Structures are given as C-alpha cells and as structure tokens.
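Each chain, letter by letter, is given below.
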Amino acid sequence: MVARSFQVHHNDSTYGVDYDTGDGLEVFKIQIFSLTSIPPDEQKLIGVDENRVLSDDSDLVAISEKLRLVSINEEQQEKSTAENDELLKSDEELARMLQAEEEALLFQQYAVPEDNGKFEGRVGPYVSQVLMYEDLQRQEAARKTVPIEELEEKALVSLAKEGNSTPSKNEQDHAFLLQLLFWFKQSFRWVNAPPCDGCGKETVFHGMADALPSEIRYGASRVEIYRCNFCPIGSRFPRYNDPLKLVETRRGRCGEWANCFTLYCRAFGYESRLILDFTDHVWTECFSQSLGRWMHLDPCEGVYDKPLLYESGWNKKLNYVIGIAKDGVCDVTKRYTRKWHEVISRRNIITEPALSAVLANVTKDCRRGFTSQVLSVLEDRDEKERQELESSLHSTDNASTSLPGRRSGDKEWRKSRLECGSDESCSLSGSSCPVRACVDKHVTEIHNAFLPILSHFVKEKYPKSRAVEVLETLKGILVDLKKSPFKTRRATINSVSQSLVHQLLPSFTELLNALSMSGKADADGRFDISLAGNAVKTSLALPVALDALDDTINNLNICDNFVEDSLCLPLLKLNRIHSGSVLASGEEIPFGIAMSAFDGLRTSKWEEPNGARG
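What you are looking at is a predicted structure, and each value in this text was computed from that prediction instead of being measured. (Residues numbered from 1 in each chain as written. Predicted model: local features only at pLDDT ≥ 70, side-chain atom pairs only at ≥ 80, totals over all residues. Heavy atoms only, no water.)

Considering the sheet that holds strand β16 (residues 328-331)
Here comes step 1: Spatially, 6 strands are ordered β14-β13-β12-β11-β15-β16 in an open sheet, and the strand pairing comes out antiparallel. The open sheet terminates on both sides in strands that have one partner only, identified here as β14 (303-304) and β16.
Here comes step 2: Sitting on the sheet, helix α3 (residues 118-131) is in contact with β11 (272-277), β15 (321-325) and β16, with an inclination near 35 degrees to β15. (Pairing = 2+ DSSP bridges. Helix = DSSP H or I, 4+ residues; strand = E, 2+ residues; numbered from the N terminus. Contact = heavy atoms within 4.5 Å. Axes fitted to C-alpha atoms, helices over the stretch in contact; angles between N-to-C directions.)

Below you can see the structure in the form of structure tokens.
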C-alpha cells in the first residue's frame, strides 16, 4: 500500500485527493464523486504525463500525480455539439450554394438570348461524327492494330494481383477497357509541332493553309503549316476528323486522341460517348457494366474515373460538358463539377429549359426507329444517370485524392491555357488508400524453388562459371515461355539444352510447379514444357522467376566461394513471409499501388524524388 496525493483537474477546477493506492481504482472514483458529483461510471481519468486513460488494471503507484477528469456524458454532448455545428455549417454552405444557383438561373432568364441555334450548331457536327464509330470497316481497322491477347493477359493479371482469380465477364471487360486505355496512351503520339517532313528536325508554326483533296477526304477542313528551322521543306499537319485515318497516323491533339480512342472503345463493344467540353477539351465516357454507371476516360492523360480532374486539377472554369453517342446526347456537366452554382453562372449560350428541349429533340432523332424494348432500356438508364448526377452534385470533394494539372501538351502551351494546376509536382495519387491483399505466395514458391537447383550445383561440384552458364540457359527457356501465347503457353527444349534439362530434372521440376507448368520427355528425348494449371498464374509467375534468375546470376557472379554454406542470403531468399495485407498512406495510381512492394518485380518499384510520402 502506497499513500499518494493526486491533483485531479476538471473543467476550471483542481481537486487535491490523498489516496491509499491499495484500495483500487473503483474506490478512488467514489472519492472523486464526493468532490465533483460525477458518478463513477461516467468518469474518464487521463494521466496528464502519459496522456493515457486509466483502466481497472492501471498501476496507481506508477501513474502520474496529475490527472484530468472528463465526464463521459459531457464528452458525448461536446462531440454531438461539434457534429451539429459541422452539420449546421454544411447546411449553411448548401443554402448559400442553392441561393447562388437560384440567382444565376434567374439572371440567365434575362441575360441569355433566345435559342438562336448557336448551341445546337456546336453539338450538331459531333452527332454525325459519332456515327462513324458504328462503321464495321472502321471498327475492324481499329481492332487489327491492337495486341488483343497481350491486353487480355494484362487485364487478367491485374485482377489476379487484386486477389480476383475468377473474375466475372463484366469484371474482365472492365479490366480490358483500362488496359486498352493504357495501351492507347503509349501508342498514340501528341503533336505540339510536327517534325519536318524533310529532315525530321524541329519546326515552328507558320500559319494555316487550304486542305488538299486527299486531306479533305478524311475530314481535314483545317491544315496547320510549320516551317523548319533547318531546311526549306517544313511540314503540314492536317487536323483529320475521320478516325479511320487517325488509326493510321496515330497522332494529334486532344480532339484526335478522343476521336480515335472512342472508335477503339466501340470496336470492342463498349457503350461509348464522345465528351465535348465547351472550354476546349474532348474525352471519352464508357458505360461500365461492372460499375453499373458511366465512367470517365481521358486518353490524353491516361486517366480513368477521375471526373473532377479538370475542375480540381486543371483549374478549368467549366460551363457545358455534353456527352454525344449514337443513341442520343446528354448534359453531363454535373458529373465534372462540385461548384455547380459557379458553373451555372457561366452558362450563357442558352437557358436551361431551352437546353433540355434541344437535347431531348436531338436524342429523339437519334433514337428514331429503335424498338420499344430498346427505348425502355435506354430511358431507364437515362433516369438512373439523372438521379446519380443530382445526388453527387452537392457532395464534398474527395480529400483523399489529389488531382494534378494537365500533363499532355507542351509546357508553355499548357501555361498559356492556365491548365498546369496549382502544384506541378503533383501526380495522380491517393493519400488515403484501402487495405490491399498481397497476392504473392507464388513469389515465395519461386524463390524457394531455386534451392534444389543451386544445391544440385554444389553437390555435383559445378564450377561457378558452369553454374552461371546453366542458369543463363534456364533463363533462355523461361524467356521463350514468356513470349509464347499465354493461353497455350508451351516450349520445346532444343538439342543443346536437352542433356542439361535431364541432369537438372529432379530439381527443375519444383520450379516448373511454382510456375504452374509441367515438363514431359518424349520417346525421342525431346522435353516439352506446357501449362499445368491456370494460365494467369503462369503469367503472374514468369516475370518473377526471370527477375529472381537475374538476381541469382548476379549474386552468383560475385560469390567468392560457391559452397553449401553460401546457399543463403543474398544468393537465396528463403522463408519469405507472404500473403498478408498492406496499407499505405500514399499510392501512385493506377500502377504504383502499395502491394507492388511485395510482387517480386524490380520494375514495379519506384522512388519518390522529394522523399517518401507513403
């Protein structure tokens, strides 16, 4: 028993309490009750020095003499008051926004001229444009340029890395669409100023010229002329509107990018829209059956499902954002803003009722001839989208995601358009990320599978140079397997490698198992390797095995004494922990996600130049 003197601070008062610690916390709380009238079951005592709440098993001998008393009821009331204040603040903010919206609509009635066809004149050409995406010849031309099987493999691997090894058809389609976007971003070229047609060097803008018949044929009503800095030839840059030609040229600015990419989306069966932003940008939307809604895709930026990119990242002052598809047009501006009350004040081409009427008439024309069943499906989807746009309109920005300024185009050009954003070093990242499953058991199995092979080298007393030669041959076999079609992946070992494989066969089998593959020797002595399980597991594992081989060869080369005692780190990575979960404070979306740290691949690792934030 130890007698102690405590100072208990509550609100603006401090109470001195002399107490025998042997009587326990319950009696101590009763004594405090006699001084403060706060019942023991409503008391929360906090040690000031440790900033820790006292519990029944707290050592009253060791705790701080200075205690802070909080009434649980008062704390709950304070929390409730704070929440109410926050709600009141939100309600006041919402009321101000609604008031501003109402005033802008009222002003619009008097300031905006009667519908004189200006709005329809802006949208009309694009209604004809999107019908080209339905042409089977154009769709086939687009499909022929896409490495379909490669994108299918990447889509399935991306799902497997998220722990989804048996995705539904809708999930596969969604993942393929994202891979199509990433492929397009890499295969299409942005044009600031085209290289000289004569010498290939830099050019500068010189003016406009009339289009040639061969250019007009593909919708190039405008042709930019560029003068070469080094020779007299220069370059023409026709602004083609026919996506068939763009599939061939694979270059342009945002108009060409969105035009061509939307054709690719339609060529693979996705319900797609060309999105026209009246403040001079164009992108794509596709209906994702997996998400059950329309999804934003910007091929110029390689970004998807980030509709606030333009307002929050680029600092765009949006006014009209119109979705144009084969079956109608839709005002989707509300998807791309959280400042509708500001946006509506800039909508000065046409009044809102007139706008709705124009869009309804255009949509009616687009759907003329559709069956009643198709019309019913479209109208139901339109209504769901209308409700979605309205419900999200006054939601707060997602503070967990920082959105960058524009990345496509020359830096000076972006600056002139005021689209660089507030932070040029900003990238598309999430500062609050979900817990992600680490699908990395195969990495452990692959690393462990090298032990029998290296043990065989030691047992048979291979010289280091011979061991490296064998591993290089093994690497060649795996490279051939990686290059073969992923659904029917197979390889036949040539005569030079046959004796090697037969020597290694018992130890080589474990590596094949880790790759979900099997090997079989035929009567002629040839050794065939083929899939033994899920093709996606092999796609996931092969890059890891090749990375591990490179690492092992490198470490073997610098190993001074290659004996049994050397079969440990860094030569082998045994007993690796795997298949847990990971949570990061920051991720580089969509590729630099937290679980990449554990996927066994060097290429997926990155370093933040200004120091780690995640």
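Comments concerning the sheet that holds strand β7 (residues 203-209)
Here comes step 1: Overall, antiparallel pairing links the 3 strands, which are arranged β7-β8-β9 in an open sheet. The open sheet is flanked by β7 and β9 (235-238), the only strands paired with a single partner. Direction aside, the axes of adjacent strands within the sheet are offset by 30 degrees on average.
Here comes step 2: Pairing of strand β8 (residues 223-228) with β9 involves 4 bridges; the strand directions are antiparallel. Across the sheet, residue Glu-224 finds its bridge partner in β9, namely Phe-237.

What about unusual backbone geometry?
Here comes step 1: Even without being a glycine, Ser-37 presents a positive backbone phi close to 65 degrees.
Here comes step 2: For Ser-37, the location among the structural elements is in the loop between α1 (24-36) and β3 (43-47).
Here comes step 3: On the accessibility criterion, Ser-37 (58% relative accessible area) is exposed.
Here comes step 4: With phi around 60 degrees, Asn-315 is a residue other than glycine that occupies positive phi space.
Here comes step 5: When its relative accessible area of 37% is taken as the criterion, Asn-315 is described as partly exposed. (Buried < 20%, exposed > 50% of the residue type's maximum accessible area, 1.4 Å probe, protein only.)

What about the packing of helix α4 (residues 136-144) against helix α9 (residues 254-267)?
Here comes step 1: At a minimum axis separation of 9 Å, α4 and α9 run at an interaxial angle of 95 degrees. Put simply, α4 runs roughly perpendicular to α9. Contacts between α4 and α9 involve Arg-138, Gln-139, Ala-142 and Arg-143 from the first element and Leu-263, Tyr-264, Arg-266 and Ala-267 from the second.
Here comes step 2: Of the residues that constitute the contact of α4 with α9, the class distribution is 4 nonpolar, 1 polar and 3 charged. (Parallel < 35°, antiparallel > 145°, perpendicular 65-115°, else oblique. Nonpolar A, V, L, I, M, F, W, Y, C, P; charged D, E, K, R; others polar.)

A few points about the side chain of Thr-538
Here comes step 1: Tracing the backbone through its elements, the reader meets Thr-538 in helix α18 (residues 535-557).
Here comes step 2: When its relative accessible area of 0% is taken as the criterion, Thr-538 is described as buried.
Here comes step 3: Setting aside residues up to four positions removed in sequence, Thr-538 forms contacts with Arg-489, Leu-515, Ser-516, Met-517 and Leu-531.

Observations concerning the nonpolar core
Here comes step 1: Counting 56 residues, the largest nonpolar core has Phe-119, Phe-184, Tyr-264, Phe-278 and Ile-324 as the members making the most contacts within it.
Here comes step 2: With sequence-adjacent residues up to four places away left out, Phe-184 is seen in contact with Trp-257, Cys-260, Phe-261, Tyr-264 and Pro-299.
Here comes step 3: Of all hydrophobic cores here, the second largest spans 42 residues; its members include Leu-454, Leu-478, Ala-548 and Leu-571. (Core = buried A, V, L, I, M, F, W, Y, C linked by side-chain atoms within 4.5 Å.)

Considerations on the pairing of strand β2 (residues 13-20)
One face of the sheet, then the other: side chains in a regular strand alternate in exactly this way.
Here comes step 1: Sheet analysis places strand β1 (residues 3-10) next to β2, joined by 8 bridges and oriented antiparallel. Its bridge partner being in β2, Ala-3 is matched across the sheet by Asp-20.
Here comes step 2: The loop that links β1 with its antiparallel partner β2 comprises 2 residues; one of these, Asn-11, has a positive phi angle of about 55 degrees.

Here we look at the packing of aromatic side chains
Here comes step 1: Overall, the coordinates contain 22 aromatic pairs when judged by the stated rule.
Here comes step 2: When the ring of Phe-184 is compared with that of Phe-188, the centres are 4.8 Å apart and the planes differ by 20 degrees; the resulting orientation is stacked. Neither residue differs from the other here; Phe-184 and Phe-188 are each classed as buried.
Here comes step 3: When the ring of Trp-283 is compared with that of Tyr-310, the centres are 4.1 Å apart and the planes differ by 20 degrees; the resulting orientation is stacked. (Phe/Tyr/Trp six-rings, centres within 6.5 Å; stacked < 30°, edge-to-face > 60°.)

Quick look at the environment of Gly-234
Here comes step 1: For Gly-234, the location among the structural elements is in the loop between β8 and β9.
Here comes step 2: Take Gly-234: its relative accessible area is 3%, and that puts it in the buried class.
Here comes step 3: Remark: the alpha-carbon pair of Gly-234 and Lys-201, spanning 33 residues in sequence, is separated by 9.1 Å.
Here comes step 4: The residues contacting Gly-234, other than those within four sequence positions of it, are Cys-196, Asp-197, Gly-198, Tyr-226 and Cys-228.

Side note on the pairing of β16
Here comes step 1: Note: β15 against β16, 4 bridges, orientation antiparallel. If you follow Gly-323 over to β16, its bridge partner there is Cys-330.

Describing the pattern of salt bridges
Here comes step 1: Applying the stated criterion across every chain, the model contains 37 salt bridges.
Here comes step 2: Residue Arg-236 is joined to Glu-215 by a salt bridge in which the shortest nitrogen-to-oxygen separation is 2.9 Å. Here Arg-236, found in strand β9, pairs with Glu-215, found in helix α7 (residues 213-216); they are 21 residues apart in sequence, far enough to count as distant.
Here comes step 3: Through salt bridges with shared partners, one network takes in Asp-277, Asp-280, Lys-316, Arg-406, Arg-417 and Glu-419. (Salt bridge = Lys/Arg side-chain N within 4 Å of Asp/Glu carboxyl O.)

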